[in-house]
Every structure is written in C-alpha cells, then in structure tokens.
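# Overview (structure and organization)
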Amino acid sequence: MLKSIFRSRDRPRDSTAGGNYAFYMGGSLAGKSVNERSAMQMTAVYACVRVLSEAIAGLPLHLYRYTKDGSKEKAIDNPMYLLLHDEPNPEMSSFVFRETLMTHLLLWGNAYAQIIRNGRGEVVALYPLMPNKMTVDRDEHSKLYYSYQRSNDEAIPEAGTVILSPADVLHIPGLGFDGLVGYSPIAMAKNAIGLAIAAEEFGSKFYANGASPGGVLEHPGTIKDPQRVRDAWQSQFGGSSNSHRIAVLEEGMKFTPLSINPSEAQFLETRKFQINEIARIFRVPPHMVGDLEKSTFSNIENMSLEFVKYTLEPWLVRWEQSLARALFTDTEKGTYFFKFNVDGLLRGDYATRMQGYATGIQNGFMSPNDVRSLENLDLIPDELGGNLYLTNGSLCPLSMAGAAYSKTEKEENQIDEQQEVLELGEQPTERRWHGRANT
C-alpha cells in the first residue's frame, strides 16, 4: 500500500489511469446514492440518454470505399456493410445494437463489443459487453488487454474472467484523461444528479404526508407511551389519503410544525434548474427533454441544428473512427471508411429545400435524379433527361469575360469588306438623287 502511495513519478504503472475508476461509495453531497441505474430513474437523465442513443441508432450508417477517380461509393458487396447497417449479430438489429452501445457510452463513459471473426480473420458478428464488468489493463510488456468478468445471468452461464486482446474488442471511449478509457458522466456529475434525486424525494414525501409538514406534538404533562401516541397520530393523519382531516387534541396537546414550506425551500425552482443542469451535462437542448420555457418558433429550429452540429457530430466521429480502427486491417483503412448520414436531420422546411434544389440544378452541380433521390422519389429515365446536368448559358469562366466583344484580325477584315460592299451599293442611289435635285 505504501509503495502505491509513494510510487516514483518516473515509473510507469501496469494499468491505465481510468481503468479502475469507480464511484466513491456512490454517495453525493445531497446524501443520495448515485449510480448508473439510480440516475436513469431521473426523468431528465432518462430523456437525455434516450434522445442521444435513439438519434445515433436511427441514423443510416454506410460503409464506403474510395474509387480511382477520388470519389466514393457504397461498398454494399463488403460483408461489413450489412453487419453495421442491418444486423451485427443474429440476436439484434443494427438499431438495437447501436442504441445499447450508446446507452453504455452515456452512462459508463465506455462502450464495448466483442468482435467475432471466422478462420480467415473476417468480422462475422459483434456482441455488446457490459462496461461495468470490463477492465482495461496492461501486461508486463506494457501491452493493453481487456479483462471481462462473466456472470451467471448472461447468455452463456459460466462465471469467470475472460481475457480479450484489443483486436477482439470494439472499444468506443468517451471523454477521459488518458485517451484510453472514458470517465462516466454520471460519476462526474453525481452531485448534480444527487440533488435532483433529493429534490424529487422531498416532493414525494411531502405529498405522501398529505402535503402537510411534519412537526411536534406537545403535551403539558408526561406521556407514558410516546410511541403509541406517535403511531396513532400517523395512522389518523399521515399519508395523502388522510390529508385535510380535522384533528382533535385533548389534554392540552398542541401541534407545532417544523418542516420548511416547499415554497420557502424553492422546491419548484430547484427541480426546474436541475433539469437544465442535467441537460447541460449531456449537451442536449432543453426543449428536447420537454423544457419549452425558453423555446420559441424562431429559435427552436436553430437549436435543433446546433444539436446536430455540436452534440451529435462529436459522438459520430468517435463512432466512425473507433469502428475503422477496430474492424479494418491496415490495408483496408486506406480504402474503406464508415460514415453516418445526417442529411435527414439537417433538412429544412419544404420551401427552403425546393429553393436549394433549384439553385443546384440551375448551377449544374445537381441533376433532377439527384434531387429525387434525396426526396425518396422514383428516378427519371435517362432518355427523359433525369441525369442531365444543366447550367445557365450566361455564365462563363473569368478568363473568358468579354470574349464576345473581342474580335480577331480576320473578323475585323471581314467586317471592313462588308462595309465597303455596302458603301458601293449605296453610291448609285446617291448619284440619282443628286441628279434629280439638279433638274
């Protein structure tokens, strides 16, 4: 123990800095135990996790390959395309798989999946692993390995520890301090979540007590059995079913309330602030978790676009880079890449989309079939001009500006000859006119 405390700073440890991070007894300053499952009982936490996990799971995930001309195309013939796009394993769909891993990532700060390969080393299946049972560590050669603690409640009921190599684990880490293991957002914000749990429990107990504060029963004399008096009072006037009942006090007894009134404790303000506090942890706009107090028709669309740009985009990059690092070989990394399609979330209203499509067609960087593909409409055949790229004829390169007004020497000579012919044709007419004038 003393060696671990007074360890020399220049000696590396055989474990990652975040590998053994856990809750310190799960307690918060509000006095409530906070862990991943108790935090999910908070409606704000549940809403934030659900919004993010369903958004990541619902986005189309495609596998692309680079072509020789520098463009890209969908690698539908690659087995990993169907693996991530449709069915990562025989037990779940791609939506459920990504939703599960994203939930792990938001609650525990890490997402793990076991990679199943065939005899040729090809990826054939991906199975989620529970983050609370996984430990990331280093061996005597400072190489990473994953230690997974199996339990009897899993599909294969065999308890024990399984050692996995990094090549057999898809690991998506969240925000962390060492770049290897992410820290749990719930653990980092357990005081804020604990305060929200305490405020909710305070309100629940207040209404369970008939919306009346607790207090003290005072008697001028000595009570022989105070417990019996307390139980009798609680059975008659405690609970929401006994609220607003009239109490009759005998022998000079008096009831003195002691609890703070919820309005004095700013109960509603505290609960409302904690919703924004939890939404701030996950960087989710408040209107997406049901708080529309500061949302208007003019700013809610911009807030939704900022959610895609500043909240979803970092998570998508983590997913794309982690998938490429774990599933591709060194030669495949320069040819293939994963990409989420967020065009559906960035779509504006109908009039704005049509205006943008018209601009694209008129400037030649979109064809009618490109537009119909984005709008999920049937394509127009080639003979009807569905794949034609049109442009405005008045547009030209900057180097050709004024070319219509510049003439070559040959063109100028032709113009001079035409003018001479016109002058010769006009001379007899002028003479006849002069002759008539003299007569």
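Within every chain, residues take consecutive numbers counted from 1 along the sequence as written. With pLDDT at 70 or above as the cut-off, local features in this predicted model cover only qualifying residues; side-chain atom pairs require 80 or more to be listed or tallied, and sums for whole chains, interfaces and linings still use all residues. Heavy atoms throughout the structure, all of them, feed into the side-chain values; hydrogens and water do not.

Strands here mean DSSP runs of E at least two residues long; helices mean DSSP runs of H or I at least four residues long; both are numbered from the N terminus. With respect to the element layout, L126 can be found in strand β4 (residues 123-129). For L126 and F97, which are 29 residues apart along the polypeptide, the C-alpha to C-alpha distance reads 8.7 Å. For this analysis, residues touch if any pair of their heavy atoms sits within 4.5 Å. Other than its neighbours up to four places away in sequence, L126 contacts L83, L84, P88, N89, F97, Q114, I115 and L327.

Glancing now at the sheet that holds strand β8 (residues 169-173). In this scheme, strands are said to pair when DSSP sees at least two bridges between them. Pairing in this open sheet of 3 strands is antiparallel, and the strands run β4-β3-β8 from one edge to the other. The open sheet is flanked by β4 and β8, the only strands paired with a single partner. Adjacent strand axes in the sheet meet at a mean angle of 25°, parallel and antiparallel pairs treated alike. Two elements, strand β3 (residues 110-117) and β8, share 5 bridges in a ladder whose sense is antiparallel. For helices, the axis comes from a line fit to the C-alpha atoms of the stretch in contact; other axes are also lines fit to C-alpha atoms, and the angle between any two N-to-C directions lies between 0 and 180 degrees.

Here the focus is unusual backbone geometry. Leaving glycine out, the prevailing phi sign among residues is negative, and the prevailing peptide bond configuration is trans. You will see that S142, though not glycine, has its phi angle at about 65°, which is positive. If you trace the backbone, S142 turns up in the loop between β5 (134-138) and β6 (144-150). The classification of residues rests on relative accessible area computed with a 1.4 Å probe and restricted to protein chains. Under 20% of the type maximum is buried, over 50% is exposed, and intermediate values are partly exposed. S142 gets classed as partly exposed once you look at its relative accessible area, which sits at 42%. Located in the positive-phi region is R283, a residue other than glycine, with phi close to 55°. Mapping R283 onto the fold places it in the loop between α9 (267-282) and α10 (300-327).

Strands in a sheet are paired, the pairing made by backbone hydrogen bonds, and the direction either parallel or antiparallel. With antiparallel pairing, the 3 strands of this open sheet are ordered in space as β2-β1-β11. The two strands at the open ends of the sheet, each matched to only one other strand, are β2 (72-74) and β11 (336-340). Put simply, the sheet's adjacent strands are angled 40° from each other on average, direction ignored. The pairing of strand β1 (residues 61-66) with β2 spans 3 bridges and is antiparallel. Paired with Y64 across the bridge in β2 is K74. Packed onto the sheet, α10 meets β1 and β11 and runs at close to 155° relative to β11.

Attention now goes to a nonpolar patch on the surface. There is a patch of nonpolar side chains on the surface, built from L305, L345 and L346 and spanning about 230 Å² of accessible area. With respect to the element layout, L345 can be found in helix α11 (residues 343-346). Patch definition: residues with relative accessible area over 30% and no salt bridge; like charges joined within 9 Å; nonpolar side chains (Val, Leu, Ile, Met, Phe, Trp, Tyr) joined within 5 Å. Only the protein chains shown count as cover for residues, and the accessible areas themselves come from Shrake-Rupley with a 1.4 Å probe. When a carboxyl oxygen of Asp or Glu is within 4 Å of a side-chain nitrogen of Lys or Arg, the pair counts as a salt bridge.

Time to look at the confidence of the model for the protein chain. pLDDT is defined as a per-residue confidence score from the predictor, taking values between 0 and 100. With 72% of its residues at a pLDDT of at least 70, the protein chain reaches an overall mean of 78. This stretch, residues 1-22, has a pLDDT under 50; its non-local contacts, to residues over four places away or in other chains, come to 24 contacts. Contacts of residues 429-439 to residues separated by more than four positions or lying in other chains number 0 contacts, the stretch itself having pLDDT below 50.

Before going further, it helps to spend a moment on the nonpolar core. Soluble globular proteins tend to pack their nonpolar side chains together in the buried interior. Residues belong to one nonpolar core when they are buried, are Ala, Val, Leu, Ile, Met, Phe, Trp, Tyr or Cys, and are joined through side-chain atoms within 4.5 Å. If you look at the biggest cluster of nonpolar residues, it comprises 59 residues, and the most contacted ones within it are V45, I193, I278, F282, W319 and L327. When residues no more than four places from it in sequence are discounted, the contact partners of V45 are A39, M40, I186, I193, I278 and F282. Ranked by size, the runner-up nonpolar core spans 9 residues in total, among them Y112, L129, Y146 and V181.

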